[in-house]
Amino acid sequence: MTAVHFDSYTEARAHLKALLDAAERGRVATVRREAATTALVDVERLRHYLAAVTPSHAQTVPEAGGWSIIIPGLPIAADGQTFNEAVSEMVDALREYAEDWQDHLLDAPNHRENWGLVQLISLSDDDQLREWLVGKAR
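For the structure given in this document, a descriptive report is provided here. (Residues numbered from 1 in each chain as written. Predicted model: local features only at pLDDT ≥ 70, side-chain atom pairs only at ≥ 80, totals over all residues. Heavy atoms only, no water.)

### Regarding the sheet that holds strand β1 (residues 4-6)
(1) Moving on: Ordered in space as β1-β2-β3, the 3 strands form an open sheet in which the pairing is mixed. The sheet terminates laterally at β1 and β3 (36-39), the two strands that pair on one side only. Shown here is a sheet whose adjacent strand axes are inclined to one another by a mean of 20°, direction ignored.
(2) Moving on: Across the sheet, helix α2 (residues 16-25) lies against β1 and β2 (29-33), angled at about 135° from β2, the strand it touches most. (Pairing = 2+ DSSP bridges. Helix = DSSP H or I, 4+ residues; strand = E, 2+ residues; numbered from the N terminus. Axes fitted to C-alpha atoms, helices over the stretch in contact; angles between N-to-C directions. Contact = heavy atoms within 4.5 Å.)

### Digging into the pairing of strand β5 (residues 66-70)
(1) Moving on: Examined bridge by bridge, strand β4 (residues 59-63) and β5 share 5 bridges and lie antiparallel to one another. Across the sheet, Thr 60 pairs through a bridge with Ile 69, a residue of β5.
(2) Moving on: Connecting β4 to the next strand, β5, in antiparallel fashion are 2 residues, including Ala 64 with a positive phi near 50°.
(3) Moving on: Pairing analysis gives 4 bridges linking β5 to strand β6 (residues 77-80), with the strands arranged antiparallel. What sits directly across from Ile 69, in β6, is Ala 78.
(4) Moving on: In this antiparallel pair of consecutive strands, β5 and β6, the connection spans 6 residues, and Gly 73 shows a positive phi of 90°.

### Details of unusual backbone geometry
(1) Moving on: Backbone geometry at His 57 places phi at a positive 55°, although glycine is not the residue there.
(2) Moving on: Inspection of the secondary structure assignment puts His 57 in the loop between α3 (43-53) and β4.
(3) Moving on: Given a relative accessible area of 56%, His 57 falls into the exposed group.
(4) Moving on: We note that Ala 64 has phi near 50°; this positive angle belongs to a residue other than glycine.
(5) Moving on: For Ala 64, the location among the structural elements is in the loop between β4 and β5. (Buried < 20%, exposed > 50% of the residue type's maximum accessible area, 1.4 Å probe, protein only.)

Dropping the structure here:
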């Protein structure tokens, strides 16, 4: 099977199984609707890719008997009495940011480019976000 492309939503709907099968196998799978073309991608494949190309750049600092975590360039910070508590708070803060982005920040000039980050957050579970923030536990 090669790339799968349908020139209309109606055609794609009639061949939905082929479209989804192609996406799950990692093949190019697209649908055109009016002037826009949309690609379908398997969630785990997309999440893995986004995690690889979107480093967190999280900075952790011990302060005032606890820990703080910031991600430079993002309006996100978290604090905790322990390192693990601060990481958990950062996961919560990332989820809140993703919700705010979906709700009202997606068109704001200083947030528009965070699309990939929001996708990564939304497609990841808490453990995957922890790993993205601080690396794999050894």
